[in-house]
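# Coordinates in review
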Amino acid sequence: SFPTRRSSDLPRDGEAYEALSQTRQGLPNWPQRYALLSKGLAVEPGNEVLTIDLAQDLMAVGRRQEGLIYARRAMDLDPFNQWAVMDLILFYGFSGQPDDVEKLFALAQRRWPGNSDVVEAYFDYLARAGDPAHAERLLDDPKRPFYMPPDRLRIWRELIRARESRQPAQAVRAIEADIPSA
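Residues numbered from 1 in each chain as written. Predicted model: local features only at pLDDT ≥ 70, side-chain atom pairs only at ≥ 80, totals over all residues. Heavy atoms only, no water.

### Things to note about the overall build of the chain
Which entries qualify depends on this criterion: Counting from the N terminus, the helices are the DSSP runs of H or I reaching at least four residues and the strands are the DSSP runs of E reaching at least two. Accessibility here uses a 1.4 Å probe with only protein chains present; expressed as a share of the type maximum, an area under 20% marks a residue as buried, one over 50% as exposed, and anything in between as partly exposed. Between two residues, a contact is recorded if the distance between any of their heavy atoms is within 4.5 Å. For the accessible areas, the method is Shrake-Rupley and the probe is 1.4 Å, while residue cover comes only from the protein chains on display. Residues counted as positive are Lys and Arg, residues counted as negative are Asp and Glu, and His and the chain ends are not counted. Charge placement uses NZ in Lys and CZ in Arg. For Asp and Glu, CG and CD serve respectively.
For the chain, the count of helices and strands is ten helices and zero strands. From first element to last, N terminus to C terminus, the chain shows the α and β order α-α-α-α-α-α-α-α-α-α. Dimensions of the chain, computed from C-alpha atoms along their principal axes, come out at roughly 60 × 45 × 25 Å. For the chain, buried positions account for 39% of its 182 residues. Long-range contacts, defined as pairs at least 24 residues apart, comprise 51% of the intrachain contacts of the chain with a sequence gap of at least 6. Working note: accessible area of the chain is about 10600 Å², and carbon and sulfur atoms make up 54% of it. When the 24 positive and 27 negative side-chain charges of the chain are each reduced to one mean point, those points stand 3 Å apart.

### So, a negative patch on the surface
Selection criterion: Patch criteria: residues need more than 30% relative accessible area and no salt bridge. Like-charged residues are merged within 9 Å; nonpolar side chains of Val, Leu, Ile, Met, Phe, Trp and Tyr are merged within 5 Å. Here, a salt bridge means any Lys or Arg side-chain nitrogen found within 4 Å of an Asp or Glu carboxyl oxygen.
Together, Asp99, Glu102, Asp131 and Glu164 make up a negatively charged patch on the protein surface. Inspection of the secondary structure puts Glu102 in helix 6 (residues 98-111). In this structure Glu102 comes out as partly exposed when scored by relative accessible area, which is 34%.

### A look at the pattern of salt bridges
Scanning the entire structure with this criterion turns up seven salt bridges. Counted as one network, the salt bridges with shared partners bring together Glu136, Asp140, Arg157 and Arg161.

### Digging into the packing of aromatic side chains
Counted only if it meets this: Only centres within 6.5 Å qualify two rings of Phe, Tyr or Trp (six-membered ring in Trp) as a pair; their planes then separate them into stacked at under 30 degrees, edge-to-face at over 60, and tilted for everything else. A positively charged side chain is recorded as over a ring if its NZ (Lys) or CZ (Arg) lies within 6 Å of the ring centre. The angle to the ring normal must also be within 35 degrees.
Counted under the stated rule, the structure contains five aromatic pairs. Arranged with centres 6.2 Å apart and planes meeting at 40 degrees, the rings of Tyr122 and Tyr125 form a pair that is tilted. Pair noted here: Tyr122 and Tyr125 are both in helix 7 (residues 116-128), with a separation of three residues, about one helical turn. The residues Tyr122 and Tyr125 share a single accessibility class, namely buried. An aromatic cluster is defined as three or more aromatic residues linked by ring pairs; in this entry it consists of Phe105, Tyr122 and Tyr125. Across from the ring centre of Phe80, 4.6 Å away, lies the NZ or CZ of Arg111, which sits over that ring. Note that Arg144 overlies the ring of Phe146, its terminal NZ or CZ placed 5.5 Å from the centroid.

### Quick look at helix 1 (residues 14-21)
Short version of the rule: In this description, one arc is meant: the one made by directions from the helix axis to the C-beta atoms. We define a polar contact as two N or O atoms separated by no more than 3.5 Å, with the added condition that, inside protein, one atom must be a possible hydrogen donor and the other a possible acceptor, whereas residues neighbouring each other in sequence contribute only through side-chain atom pairs.
Listing the buried residues of helix 1 in full gives Gly14, Tyr17, Glu18 and Ser21. Buried residues in helix 1, looked at end-on, bunch into an arc of 105 degrees, giving them a common side. Residues of helix 1 that are buried sit in contact with helix 2 (30-43) and helix 3 (48-60). By the N-cap criterion, in which a side-chain oxygen at the helix start approaches the backbone nitrogen of a residue two or three places on, helix 1 is capped by Asp13, the distance to Glu15 being 3.2 Å.

This is the structure:
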């Protein structure tokens, strides 16, 4: 159990709450983490770091609509924060909004042409929820701006092929093959 504090002892800096939230990792600690991030945003509503963290956490626990609201807000707070844009690409994709993914990726390509992190986020969306054939074309492109070690390439290809064949058992085998034996 954590010691209780008087309200006068609470931080007045939003990022202090973000730092405290980092000590509450994992799903069992999610309610405490959520409370800390929310308190941080109450203290500092315009803090994009807190907003991104809350968006990521909401998406991770399946609260997609709320997560999207915070992800959009994070991008509005700092439209040149590539991490907020990358998260929003993924969140749109995993929420079944491919048109929004494409628009945002086009915007990101204009802001950061060829940025490896942005292209990799787009690839991640394509491979998991978008067009698997397009994802494979990105992997095959010799000018691909992001590096992927050969073992990762193999696993991504297996996952992409599993999606294309609509055989989830293939995807499970690919993932299990990647898990080291104990």
